[in-house]
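The lines below spell out each chain.
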Amino acid sequence: MIKKTLYFGNPAYLSLRNGQLVIRLPEVEKAELPDIVKQETVRTIPIEDIGVVVLDNKQITITQGALAELVANSAAVITCDDKCMPTGMLLPLSGNTLHQERFRNQIEATIPLRKQLWQQTVKAKIVNQAYCLQKNTSKSFAPLHVLARKVRSGDVDNHEAQAAAYYWKNIFTDGFTRDKEGTPPNNLLNYGYAILRAVIARALVGSGLLPVYGIHHHNRYNAYCLADDIMEPYRPFVDDLVLSTMNNMDIPEELTIELKREMLSIPVLDVLIGGKRSPLMIAAGLTAASLVKCYNGEAREISYPSFL
């Protein structure tokens with residue numbers, strides 16, 4: 001079942017009742033209206049149907065009971081800062097009954113294995129960048145395929161960076177520079193990547209893995225190093241969505257609710273994985289499960305998605 005992504009950009013009261021997330025609106029609660037009218041504005045959603053929750057307003061109140069139940073059901077809860085950009089994420093501490101065994105396998109993975117997994121990850125990312133470039137521009141995508149074929153164990157030649165330089169030079173309009181603090185559409189890319197990161201982190205925790213312990217990324221201040229590794233081949237799907245959005249809407253310095261809603265479709269984007277069409281959120285779960293098999297010696301390759 002595809003989990004829902006909920007976005008709250010206005011004041012709201014969020015609580016728990018009978019396994020349901022209860023959503024009330026403050027302006028309705030405070031208004032002098034008959035109780036029956038107030039009740040008609042209350043919305044409920046089964047907690048088990050929720051995959052991601054984005055809290056993007058300072059006047060949102062959420063109860064401990066609701067938070068605990070969301071986390072218990074492996075939902076990722078994202079909070080946003082004053083600029084309405086995702087800044088924090090709440091995930092379960094244990095998302096799988098075998099998490100101790102899987103933590104151990106992950107931590108004890110050999111350096112050669114981690115290098116091979118990173119090689120596969122970089123290759124999958126570059127191939128997806130090539131398809132994104134082919135789909136959205138008339139620029140040559142052949143150099144990316146050449147780089148993908150040459151990626152060696154551990155990407156010792158840093159083909160990822162070489163591919164990125166070519167890709168960002170050609171995927172958007174001339175003069176675009178990929179910079180987190182740069183001009184639009186950098187802001188929309190940042191927002192989309194934050195949503196993607198939550199989806200990937202949720203899948204990893206659900207498979208019993210430690211998101212803090214990466215294959216390649218290592219940073220004592222980053223709690224999601226593994227998520228940052230595994231999301232790399234998924235990034236071009238966000239780029240593709242941003243390009244599609246740009247064809248229909250202008251991208252201002254401050255993102256509108258409409259633009260954010262477009263990015264909230266990331267979990268349900270169609271991808272191809274294992275020869276089958278799948279929503280991205282389901283694909284993330286398959287990728288995480290395949291990584292578990294690599295860590296415990298059952299498999300040698302991570303299953304990553306590609307464009308349809």
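The model shown is predicted, which means the values in this text are computed figures rather than measured ones.

Scoring rules and cut-offs
- Residues numbered from 1 in each chain as written.
- Predicted model: local features only at pLDDT ≥ 70, side-chain atom pairs only at ≥ 80, totals over all residues.
- Heavy atoms only, no water.
- Helix = DSSP H or I, 4+ residues; strand = E, 2+ residues; numbered from the N terminus.
- Buried < 20%, exposed > 50% of the residue type's maximum accessible area, 1.4 Å probe, protein only.
- Contact = heavy atoms within 4.5 Å.
- Lys, Arg positive; Asp, Glu negative; His and termini not counted.
- Charge placed at Lys NZ, Arg CZ, Asp CG, Glu CD.
- Pairing = 2+ DSSP bridges.
- Axes fitted to C-alpha atoms, helices over the stretch in contact; angles between N-to-C directions.
- UniProt positions renumbered as here; feature names shortened; annotations may be inferred.
- Arc of directions from axis to C-beta.
- Expected span 1.5 Å × (residues − 1).
- Salt bridge = Lys/Arg side-chain N within 4 Å of Asp/Glu carboxyl O.
- Phe/Tyr/Trp six-rings, centres within 6.5 Å; stacked < 30°, edge-to-face > 60°.
- Lys NZ or Arg CZ within 6 Å of the ring centre and 35° of its normal.

## Brief notes about the overall build of the chain
Each helix and strand in the chain was counted, giving 12 helices and 10 strands. Over its C-alpha atoms, taken along the principal directions, the chain stretches across nearly 70 × 50 × 35 Å. In the chain, buried positions account for 49% of the 308 residues. Within the chain, residue pairs in contact and separated by at least 24 positions form 65% of the contacts whose partners lie at least 6 positions apart. Side chains of the chain give 33 positive and 32 negative charges; the mean places of these two sets differ by 7 Å.

## Side note on the side chain of Lys260
Structurally, the position occupied by Lys260 is in helix H11 (residues 257-263). In this view, Lys260 contacts Tyr7, Asp56, Cys84, Tyr191 and Leu255; residues no more than four positions away in its chain are not counted.

## Examining the sheet that holds strand S1 (residues 4-8)
Spatial strand order, S1-S5-S7-S8: 4 strands in an open sheet with mixed pairing. Among the strands making up the open sheet, the edge pair consists of S1 and strand S8 (86-90). Across the sheet, the mean angle from the axis of one strand to that of its neighbour is 20°, orientation sign disregarded. Pairing analysis gives 5 bridges linking S1 to strand S5 (residues 50-55), with the strands arranged parallel.

## With respect to the UniProt feature "binding site: Mn(2+)" (unreviewed entry) in the chain
As annotated by UniProt and renumbered to match this structure, "binding site: Mn(2+)" (unreviewed entry) occupies Glu160, His217 and Glu232. For the annotated residues, spread through 73 residues, the largest C-alpha to C-alpha distance comes to 13.3 Å, consistent with a single compact locus. With respect to the helices, strands and loops of the structure, Glu160 is situated in helix H7 (residues 159-171). With residues near it in sequence (within four places) discarded, Glu160 still touches Trp118, Val122, Lys125, Ile126, Asp155 and Glu232. Residue position: His217 is located in the loop between helix H8 (186-206) and helix H9 (225-230). Among the residues examined, His217 registers a relative accessible area of 27% and is labelled partly exposed.

## A closer look at helix H3 (residues 64-72)
Buried residues of H3: Ala66, Leu70 and Val71, and no others. Down the axis of H3, the buried side of the element spans an arc of 125°, and every buried residue falls inside it. Structural note: H3 exposes Gln64 and Ala72 on the side pointing more than 90 degrees away from its buried face. Buried residues along H3 sit in contact with strand S2 (12-17), strand S3 (20-24), S5, strand S6 (60-62), strand S7 (76-80) and S8. Looking one or two residues beyond H3, the residue adopting positive phi is Ser74, at roughly 65°.

## So, helix H10 (residues 235-246)
Because each turn of an α-helix spans 3.6 residues, side chains separated by three or four positions in sequence point in the same direction. With 12 residues, H10 extends 17 Å from end C-alpha to end C-alpha; this agrees with the ideal 16 Å at 1.5 Å per step. Counting buried residues along H10, 9 of its 12 residues qualify, which places the element largely inside the surrounding structure. Among the residues of H10, Pro236, Phe237, Val238, Asp239, Asp240, Leu241, Val242, Leu243 and Thr245 are the ones counted as buried. Residues of H10 that are buried make contact with helix H5 (111-136), H7, H8, H11, strand S9 (270-273) and helix H12 (280-295).

## Structural notes on the pattern of salt bridges
Under the definition given, this model contains 9 salt bridges. The shortest N-O distance in the salt bridge between Lys58 and Asp82 comes to 3.0 Å. Linking Lys58 in the loop between S5 and S6 with Asp82 in the loop between S7 and S8, this pair joins segments that are 24 residues apart in sequence. On the accessibility criterion, Lys58 (73% relative accessible area) is exposed. Residue Asp82 is classed as exposed on the basis of its relative accessible area of 64%. One salt bridge in this structure joins Lys125 and Glu232, with 2.7 Å as the shortest N-O distance. In this pair, Lys125 sits in helix H5 while Glu232 sits in the loop between H9 and H10, placing the two residues 107 residues apart along the sequence. Note on accessibility: Lys125 and Glu232 belong to one class, buried.

## A look at the packing of aromatic side chains
Throughout the structure, instances matching the rule amount to 6 aromatic pairs. With a centroid separation of 5.1 Å and an interplanar angle of 70°, the aromatic rings of Tyr167 and Trp168 are classed as edge-to-face. As far as burial versus exposure is concerned, Tyr167 and Trp168 are alike and both buried. Ring centres 6.1 Å apart and planes at 5° place the aromatic pair Trp168 and Phe172 in the stacked group. The same class applies to Trp168 as to Phe172, namely buried. The ring of Tyr193 is capped by Arg235, whose NZ or CZ atom sits 4.5 Å from the centre of that ring.

## Here we look at the sheet that holds S3
Strand order across the open sheet formed by 4 strands is S4-S3-S2-S6, with mixed pairing between neighbours. A strand with exactly one partner marks an edge of an open sheet, and here the two such strands are strand S4 (43-46) and S6. Shown here is a sheet whose adjacent strand axes are inclined to one another by a mean of 20°, direction ignored. As paired elements, S3 and S4 share 4 bridges and run antiparallel to each other. Within S4, the residue paired with Ile23 across the bridge is Arg43.

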